[in-house]
Amino acid sequence: MKAVKLTLASLILTIFASSCKKEDPEDIIKVFAIENDIISSVTPANGTITDIFTLPKAEFSLALDSIFENEDGFSYRAVLDQFSISQNGIQTEGEVIIGDDGLEAYFVPAGHFDVKETYQIDVSSHYEYLDGDQWNLYENNDLINSYSGSFETVLGILTEDKIEYS
């Protein structure tokens, strides 16, 4: 009798498992994204005062543009959309450099920042999933991660390396 109950339970479990549909890619990534924003920190932080030679930096919880795969073979990645600095609505010239490990990016201005000015810093990123050989952007805004803040500048202490940098 025990063997019959065990066989019946096994059969029911097999039927139930085969009737379950494959998880939706958005559901898989939502579980991860809710707990893990792509942007983990940005410096200078909102409202801080920093010297004119500061290199704004964004740190990420996932290496940018690296492909991650879960145990079911579902592939996803984190993509940097924007890393910009502006002053009074005018974009600051510069270059965004992503670190070798993909876990950080720096905004390197063409020169130094102006003294006693306020700058806006904006960083945004999103998740994508792989469907066949095509990367797809999620339609769900919950999977778009952004940061917006501002910082003020002061001259700071002039050293030889800062003079050479400017």
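Remember, it's a predicted structure, so these values are computed and weren't measured experimentally.

Student: I would appreciate a short explanation of the confidence of the model for the protein chain in the present structure.
Tutor: Low pLDDT marks stretches whose predicted atomic positions should not be read closely. When pLDDT is averaged across the protein chain, the result is 81; 71% of the residues are at 70 or more. Mean pLDDT across the secondary structure elements of the protein chain bottoms out at helix α1 (residues 2-19), with 39, and peaks at strand β8 (residues 104-109), with 98. Scored below 50 in pLDDT, residues 1-22 shows zero contacts in the model against residues more than four places distant or in partner chains.

Student: I keep staring at the nonpolar core and nothing clicks. Help me out?
Tutor: General note: in soluble globular proteins, nonpolar side chains tend to be found buried as a group. Of all hydrophobic cores here, the largest spans 26 residues; its most connected members are F60, L80, F83, I85, V123 and Y127. Looking at this core, the elements with two or more residues in it are β1 (39-43), β3 (57-60), β5 (75-87), β8 and β9 (118-131). Apart from residues no more than four positions distant in its own chain, I85 is found in contact with P56, I90, Q91, T92, F107, F113, Y119, Q120, I121 and F151.

Student: Help me out: how do you make sense of the pairing of strand β10 (residues 134-137) in this one?
Tutor: Regular strands place their side chains on alternate faces of the sheet. Sheet topology places β9 next to β10; four bridges connect them, and they run antiparallel. Paired with D131 across the strands is Q134, a residue of β10. Where β9 folds back on β10, the antiparallel hairpin that results is connected by two residues, among which G132 adopts a positive phi of roughly 70°.

Student: What is the right way to look at the side chain of T50 in this model?
Tutor: Mapped onto the elements of the fold, T50 is located in strand β2 (residues 48-51). For T50, a relative accessible area of 14% corresponds to the buried category. Leaving out residues up to four positions away in the same chain, T50 has contacts with P44, F151, E152, T153 and V154.

Student: I tried to follow the side chain of T153 on my own but got confused; where do I start?
Tutor: Tracing the sequence through the fold places T153 in strand β11 (residues 144-154). The exposure class of T153 is buried, given its relative accessible area of 2%. Of note is the side chain of T153, whose polar atom sits 2.4 Å from the backbone oxygen of D114. If sequence neighbours within four positions are ignored, T153 has contacts with T50, I52, F113, D114, V115, K116, E117 and Y119.

Student: Sorry if this is basic, but what is going on with the pairing of β3 here?
Tutor: Note: β1 against β3, four bridges, orientation antiparallel. Within β3, the position partnered with I39 by the bridge is F60. The pairing of β3 with β8 spans three bridges and is antiparallel. By the bridge assignment for β8, E59 is matched with E104.

Student: Mind showing me how you'd approach the pattern of salt bridges here?
Tutor: Two side chains that carry opposite charge are able to pair once their charged atoms sit near each other. What the rule picks out here adds up to three salt bridges. Of the charged contacts, one joins K57 and E59 as a salt bridge, the two residues approaching to 3.0 Å between their closest N and O atoms. When its relative accessible area of 30% is taken as the criterion, E59 is described as partly exposed. Note that E104 and K57 form a salt bridge whose closest N and O atoms lie 3.7 Å from each other. Pair noted here: E104 is in strand β8 and K57 is in strand β3, with a separation of 47 residues, a long-range link. The exposure class of E104 is partly exposed, given its relative accessible area of 22%. Overall, K57 belongs to the buried group, its relative accessible area being 19%.

Rules used in this analysis
Residues numbered from 1 in each chain as written. Predicted model: local features only at pLDDT ≥ 70, side-chain atom pairs only at ≥ 80, totals over all residues. Heavy atoms only, no water. pLDDT = per-residue confidence, 0-100. Helix = DSSP H or I, 4+ residues; strand = E, 2+ residues; numbered from the N terminus. Contact = heavy atoms within 4.5 Å. Core = buried A, V, L, I, M, F, W, Y, C linked by side-chain atoms within 4.5 Å. Buried < 20%, exposed > 50% of the residue type's maximum accessible area, 1.4 Å probe, protein only. Pairing = 2+ DSSP bridges. Polar contact = N/O pair within 3.5 Å; in protein donor to acceptor, adjacent residues only side chain to side chain. Salt bridge = Lys/Arg side-chain N within 4 Å of Asp/Glu carboxyl O.

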